[in-house]
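# Observations on the model geometry
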Amino acid sequence: MKKNSLRKKPSIVKRISITNIGIFIIACILGIVATLKLNVEYHIDRGCLDYKMPRLILQPIVENSIVHGLAEKEDDIGHLKISLEEENESILFTVEDDGRGMTQEEIECLLHPKERLDDDNTSIGIENVLGRLKLNFGEQCAVWMEGRQGCYTRTFLRIPKL
């Protein structure tokens, strides 16, 4: 891990603020805010807010929940829950939506991407997050997902405290 890059990482509170702005922008683009179709809930362990985290880690996961889960939701209101908790030497982020859900096969494809063609620009958000995490933390981080089609998707992200 590069020591210089750690100093440049914004605090988690800044990352959450930027993600919150991103949620609003994405929701506006999709027309969710205008129709009051999105309820965002935060469960934040305040002890975590001063730790550092790399850029563009949380935002793509939240964006996927909105664009691929909640925007396709057929009933009126979608729920997005963003949680952050301290665990021993790490921090656990959880992003949960009650959108269309995912099958185990879809989850496996996201978490273990196959080689892509040069002109294939689909499904790169999670793949880029995985790459950034590996670059910054190596084996000290973990990402996993669970879901049920038609019900929910949960994405978990564990990173070491910085």
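Below or above, wherever it landed, is the structure these notes cover. No experiment lies behind these values; they were computed from the predicted model shown. (Residues numbered from 1 in each chain as written. Predicted model: local features only at pLDDT ≥ 70, side-chain atom pairs only at ≥ 80, totals over all residues. Heavy atoms only, no water.)

For the rest of this paragraph, the subject is the sheet that holds strand β4 (residues 142-148). Reading across the sheet, the five strands line up as β1-β2-β3-β5-β4 and stay open at both edges, with mixed pairing between neighbours. Of all the strands in the sheet, the pair left with one neighbour each is β1 (38-44) and β4. On average, adjacent strands in this sheet sit at an angle of 10° to one another, irrespective of strand direction. The pairing of β1 with strand β2 (residues 78-87) spans seven bridges and is classified as parallel. Within β2, the position partnered with Tyr42 by the bridge is Ile82. Along the sheet face, helix α3 (residues 58-70) touches β1, β2, β3 (90-97) and β5 (152-160) and points at about 15° away from the line of β3. (Pairing = 2+ DSSP bridges. Helix = DSSP H or I, 4+ residues; strand = E, 2+ residues; numbered from the N terminus. Axes fitted to C-alpha atoms, helices over the stretch in contact; angles between N-to-C directions. Contact = heavy atoms within 4.5 Å.)

For the rest of this paragraph, the subject is unusual backbone geometry. Where the residue is not glycine, phi is negative for most of them; where a peptide bond is considered, it is trans in most cases. The residue Leu56 is not glycine, and still its phi comes out positive at about 55°. Inspection of the secondary structure assignment puts Leu56 in the loop between β1 and α3. According to the relative accessible area criterion, Leu56 is partly exposed, its value standing at 42%. Of note, Asn88 is a non-glycine position whose phi angle comes to about 35°, a positive value. On the basis of relative accessible area, Asn88 is assigned to the exposed category, the value being 71%. (Buried < 20%, exposed > 50% of the residue type's maximum accessible area, 1.4 Å probe, protein only.)

On to helix α5 (residues 125-137), then. The terminal C-alpha atoms of α5, which comprises 13 residues, lie 18 Å apart, in line with the 18 Å expected from a rise of 1.5 Å per residue. Inspection of α5 places Ile126, Val129, Leu133, Asn136 and Phe137 among the buried residues, and these make up the whole buried set. Projected onto a plane normal to the axis of α5, the buried residues spread over an arc of 95° and lie on a single side. α5 presents Lys134 and Leu135 as exposed residues on the side facing more than 90 degrees away from its buried surface. Here the buried face of α5 lies against α3, α4 (104-111), β4 and β5. Remark: Gly138 follows α5 within two positions and exhibits a positive phi of approximately 60°. (Expected span 1.5 Å × (residues − 1). Arc of directions from axis to C-beta.)

Right, let's talk about the nonpolar core for a bit. Core analysis: the largest hydrophobic core is formed by 27 residues, its most contacted members being Val62, Leu80, Phe93, Leu133, Leu157 and Ile159. For this core, the elements supplying multiple residues, two or more each, are α3, β2, β3, α4, α5 and β5. (Core = buried A, V, L, I, M, F, W, Y, C linked by side-chain atoms within 4.5 Å.)

As a further point, take the environment of Leu70. Here Leu70 shows up in helix α3. As for Leu70 and Tyr152, which are separated by 82 residues in sequence, their C-alpha atoms are 9.4 Å apart. Residues in contact with Leu70, not counting those within four places in the same chain, are Leu38, Ser65, Gly78, His79, Leu80, Asp97, Asp98 and Gly99.

Turning our eyes to something else, we now look at the pairing of β4. Successive side chains on a regular strand alternate, one facing one side of the sheet and the next facing the other. Relative to β5, β4 is paired through seven bridges, and the arrangement is antiparallel. Across the sheet, the residue bridging to Arg148 is Tyr152, located in β5. Count of turn residues in the β4/β5 antiparallel hairpin: three residues, of which Gly150 carries a positive phi of about 85°.

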